[in-house]
Amino acid sequence: MNFDELIDRRGTDCSKWDKMEALYGVSSTDGIPMWVADMDFRAGEFLQDAVRGLLDKANYGYFTGDAKMKEAVAWWMKSRHGWDADPSTMMSTYGLGNAIGLCLQAYSDPDDEVIIFTPVYHEFTAKVKKSGRALKESPLVIRDGVYQMDLDTLEAQLSGREKIVLFCSPHNPAGRIWTRDELKALADFCLRHNLILISDEIHHDLVFPGQEHMPLPVAAPDILPRLIMLTSASKTFNTAGSRLGTVTIPDDKLRAPLAGLIRALDMSPHLLGTVLTEAAYSAAGAKWVDALTKYLDKNHKVFLRSVNAIPGLSAMPMQSTYLAWVDFTNTGMEMTEVLERVKGTARIAPSIGSDFGTGGESYLRFNIATPRARVEEAVERLQAAFADLQ
Ligand SMILES: Cc1ncc(COP(=O)(O)O)c(C=O)c1O
């Protein structure tokens, strides 16, 4: 577990590095990719062993399925999150983006409204739009420097056509961990208005030491009849390439439409994703994550301290994730100029805040899941790019 190791991922068919120039105009020769939520660390030994195990089999025919993996998922949810998740209520999908798309098909009709709390993971908007559903943005408000939901305003704006709340917990960007009271208030809101609550908890393991994430079924058990839980090992262990997510729907009646759709589409679990997930949700995986979150905590402190020292830049406090959220409002610059400096001068490719919906316009998101030396290099470049504001 050497998170300081600088691995050259260029030319390895790695989206984060090898697509950077095409997408951001920042060359990987000297650029730093800080966009997509992908980590630059070597995969844990337990994952490499699992892949070696597959290799040694030298046969990749039909396999028995994901039953053992679901047991591992249940063990992880119980031991890491205090949540009793029943394997018989779980379904495997090709990642959580896929799970969101499937849920939109199974639980809403064209033009039904889907509520999201913006700014939020940009694919929420994309998935709702691509599915032909209507988007209802509920902008988060900043109180005490962090995001909070404004359910009163949302309640006053309901049209009656809302079907689903698509929720991110912890929140991406900036890693806010919602409190039990906030989760209960959201659950009550959904119950009051007959809404299905999809809780995307993909970032739930990446909490900094001393912080505690609470799964929705633990915080608000009353919501179980209307709750869809999305989890995956893919952010925690950086296994997104293996395309496996888990949808857990405790209520039998609510589960039936998605189970039916998955059967109709003949979706069966993916071999590599199943093997990697099972290997990840283990004692060795737990040890690795404990070390990772300590490392990310230090990275986030280095990044936030240095960025906040640049006049005009303001990074939101984080409790989890590696997705730092920086506001450029006080530079007084247009975002085109900010981006010219970040991409052109600093040669850094961040995610663009406006893609995260209302409230994200003056922000950029920086992925700090990379060796510390590279985080330090990035902040030095940002300091230089905005040196005239010092
Ligand atoms: C909140 C959230 N949900 C889903 C995903 C995508 O998951 P997957 O790669 O399993 O489709 C991401 C990726 O960053 C994410 O941040």
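The name an unreviewed UniProt entry assigns to the chain is cysteine-S-conjugate beta-lyase, from the organism Roseovarius phycicola. Recorded in UniProt for the chain, the comment headed Cofactor (unreviewed entry) runs: "pyridoxal 5'-phosphate".

Points about the packing of aromatic side chains
What describes a pair of aromatic rings is the distance from one ring centre to the other and the angle between the planes of the rings. Taken as a whole and assessed by the stated rule, the structure comprises 19 aromatic pairs. With 6.1 Å between their ring centres and 85° between their planes, phenylalanine 117 and phenylalanine 167 make a pair best called edge-to-face. Note that phenylalanine 117 is positioned in strand β3 (residues 113-118) and phenylalanine 167 in strand β7 (residues 162-168), a separation of 50 residues in sequence. Both rings, one in phenylalanine 328 and one in phenylalanine 386, keep their centres 5.7 Å apart while their planes meet at 40°; by these two values the pair is tilted. Of this pair, phenylalanine 328 sits in the loop between β12 (323-327) and α13 (335-345) while phenylalanine 386 is found in the segment after α14 (372-385), placing the two residues 58 residues apart along the sequence. Since its relative accessible area comes to 1%, phenylalanine 328 is described here as buried. The lysine or arginine in question, arginine 372, covers the ring of tyrosine 295, its NZ or CZ lying 4.1 Å from the ring centre.

Here's the deal with the site of the ligand
The ligand sits among 13 residues. The nearest are Leu96, Gly97, Asn172, Asp200 and His203. Here glycine 97 contributes a backbone N or O atom positioned 2.8 Å from an oxygen atom of the ligand. When residues of the shell around the ligand are assigned to their parent elements, the largest contribution, three residues, is made by helix α5 (residues 95-107). For the shell around the ligand, the residue count by class is five nonpolar, five polar and three charged.

A closer look at the pattern of salt bridges
Enumeration according to the criterion identifies 26 salt bridges in this entry. Here lysine 78 makes a salt bridge to aspartate 84, at a shortest N to O gap of 3.4 Å. The partly exposed category is assigned to lysine 78, whose relative accessible area is 43%. Counted as one network, the salt bridges with shared partners bring together Arg9, Lys16, Asp38, Asp40 and Arg374.

A short note on the domain arrangement of the chain
Taken domain by domain, the chain consists of domain 1 (15-43 + 285-389) and domain 2 (49-282). For domain 1 versus domain 2, the distance between C-alpha centres works out to 25 Å. Counting residues at the interface gives 31 residues for domain 1 and 34 residues for domain 2. Counting every contact that joins domain 1 to domain 2 gives one salt bridge. Salt-bridge contacts for arginine 80 lead to aspartate 290; the nearest nitrogen and oxygen are separated by 2.8 Å. At the junction of domain 1 and domain 2, the tally comes to 18 residue pairs in polar contact (both at pLDDT 80 or more).

Overview of the layout of surface pockets
Roughly 240 Å³ of volume is contained in the second largest pocket. As for the second largest pocket, its lining consists of 13 residues, and the residues nearest its centre are Lys57, Phe63, Lys68, Val275 and Glu278. Elements that contribute at least two residues to the lining of the second largest pocket include exactly α3 (45-57), α4 (67-81) and α11 (271-280). A class-by-class count of the residues in the lining of the second largest pocket yields six nonpolar, four polar and three charged.

Regarding the sheet that holds β7
Pairing is mixed in the open sheet, where seven strands are placed in the order β2-β10-β9-β8-β7-β3-β4. The open sheet has two free edges, formed respectively by β2 (90-93) and β4 (134-139), since each of these has just one partner strand. Taking the axes of each pair of neighbouring strands and ignoring which way they run, one obtains an average angle of 25° across the sheet. Taken together, the three bridges between strand β9 (residues 227-231) and strand β10 (residues 245-248) define a ladder with antiparallel strand orientation.

Cut-offs applied
- Residues numbered from 1 in each chain as written.
- Predicted model: local features only at pLDDT ≥ 70, side-chain atom pairs only at ≥ 80, totals over all residues.
- Heavy atoms only, no water.
- UniProt positions renumbered as here; feature names shortened; annotations may be inferred.
- Phe/Tyr/Trp six-rings, centres within 6.5 Å; stacked < 30°, edge-to-face > 60°.
- Helix = DSSP H or I, 4+ residues; strand = E, 2+ residues; numbered from the N terminus.
- Buried < 20%, exposed > 50% of the residue type's maximum accessible area, 1.4 Å probe, protein only.
- Lys NZ or Arg CZ within 6 Å of the ring centre and 35° of its normal.
- Near = heavy atom within 4 Å.
- Polar contact = N/O pair within 3.5 Å; in protein donor to acceptor, adjacent residues only side chain to side chain.
- Nonpolar A, V, L, I, M, F, W, Y, C, P; charged D, E, K, R; others polar.
- Salt bridge = Lys/Arg side-chain N within 4 Å of Asp/Glu carboxyl O.
- Domains from an automatic or database assignment.
- Contact = heavy atoms within 4.5 Å.
- 1 Å grid on protein atoms, 1.4 Å probe; cavity = no way out; pocket = protein on both sides within 12 Å on 5 of 7 lines; lining within 4 Å.
- Points joined across faces, edges and corners; volume = space filled by probe spheres on them.
- Pairing = 2+ DSSP bridges.
- Axes fitted to C-alpha atoms, helices over the stretch in contact; angles between N-to-C directions.

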